[in-house]
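# What the coordinates show
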Amino acid sequence: RFLLRSLNLNSIQIENEKTMICTQNQKYVYRGRLYQVQSVLPNDFIMISRGTIVNYHFIDHLEIINTGNIDALLENGLRVQVSRRRIKDLKERLGL
């Protein structure tokens, strides 16, 4: 078991049915569910899809892709799709 300072986390996501906690340069496997991590995170984190939570301070920019969906590009180069249901919440958090 390990503890990470939430300031260093840029995203938490499900990959191959595993909860992955991502920092700027590393990934850690968390032996728990996404909702368990979400319950202890500060307000800097927002759920942008069913399987992804991001620290909005690490979002570099948003990009509209051909299908009309929006991707969030993080500072570490990670691209994650924003669910249509979560776009409004994300824009409000970013002040857009």
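Before reading on, note that the structure itself is shown above.
A brief look at the structure comes next.

Attention now goes to the layout of surface pockets. Empty space within the second largest pocket amounts to approximately 170 Å³. The wall of the second largest pocket is formed by I14, E17, K18, T19, V29, Y30, R31, G32, R33 and L34. Here the lining of the second largest pocket is composed, by residue class, of 4 nonpolar, 2 polar and 4 charged.

The subject of this paragraph is the pairing of strand β2 (residues 18-23). Among the 6 residues in β2, 5 count as buried, and that is most of the element. Here strand β1 (residues 9-15) runs beside β2; their pairing, made up of 6 bridges, is antiparallel. Bridge pairing in β2 links E15 to K18. Bridge count for β2 against strand β3 (residues 27-30) is 4 bridges, and the pairing is antiparallel. Bridging from a neighbouring strand, I21 pairs with Y28 of β3. Counted between consecutive antiparallel strands, the loop separating β2 from β3 contains 3 residues.

Let us look at the side chain of S49. Positionally, S49 belongs in strand β4 (residues 45-49). With a relative accessible area of 13%, S49 lands in the buried category. Of note is the side chain of S49, whose polar atom sits 3.3 Å from the backbone nitrogen of T52. Those residues in contact with S49 that sit more than four places away from it in its chain are Q81, S83 and R86.

Here Q13 lies in strand β1. A polar side-chain atom of Q13 sits 3.0 Å from a polar atom in the side chain of E15. In this structure, Q13 is in contact with K18, T19, M20, C22, L34, G51, T52, L78 and V80, ignoring residues within four places of it in sequence.

It is worth spelling out the pattern of salt bridges at this point. What the rule picks out here adds up to 3 salt bridges. Put simply, E15 and K27 hold a salt bridge, and the shortest N to O gap is 2.8 Å. Of this pair, E15 sits in strand β1 while K27 sits in strand β3; the two residues are 12 residues apart in sequence, bridging distant segments of the chain. In this structure, D71 engages R79 in a salt bridge whose closest nitrogen and oxygen atoms are separated by 3.0 Å. For D71, a relative accessible area of 7% puts it in the buried group. Looking at R79, the relative accessible area reads 40%, which means it is partly exposed. The network of salt bridges with common partners includes E63, D71 and R79.

Conventions and cut-offs
Residues numbered from 1 in each chain as written. Predicted model: local features only at pLDDT ≥ 70, side-chain atom pairs only at ≥ 80, totals over all residues. Heavy atoms only, no water. 1 Å grid on protein atoms, 1.4 Å probe; cavity = no way out; pocket = protein on both sides within 12 Å on 5 of 7 lines; lining within 4 Å. Points joined across faces, edges and corners; volume = space filled by probe spheres on them. Nonpolar A, V, L, I, M, F, W, Y, C, P; charged D, E, K, R; others polar. Buried < 20%, exposed > 50% of the residue type's maximum accessible area, 1.4 Å probe, protein only. Helix = DSSP H or I, 4+ residues; strand = E, 2+ residues; numbered from the N terminus. Pairing = 2+ DSSP bridges. Polar contact = N/O pair within 3.5 Å; in protein donor to acceptor, adjacent residues only side chain to side chain. Contact = heavy atoms within 4.5 Å. Salt bridge = Lys/Arg side-chain N within 4 Å of Asp/Glu carboxyl O.

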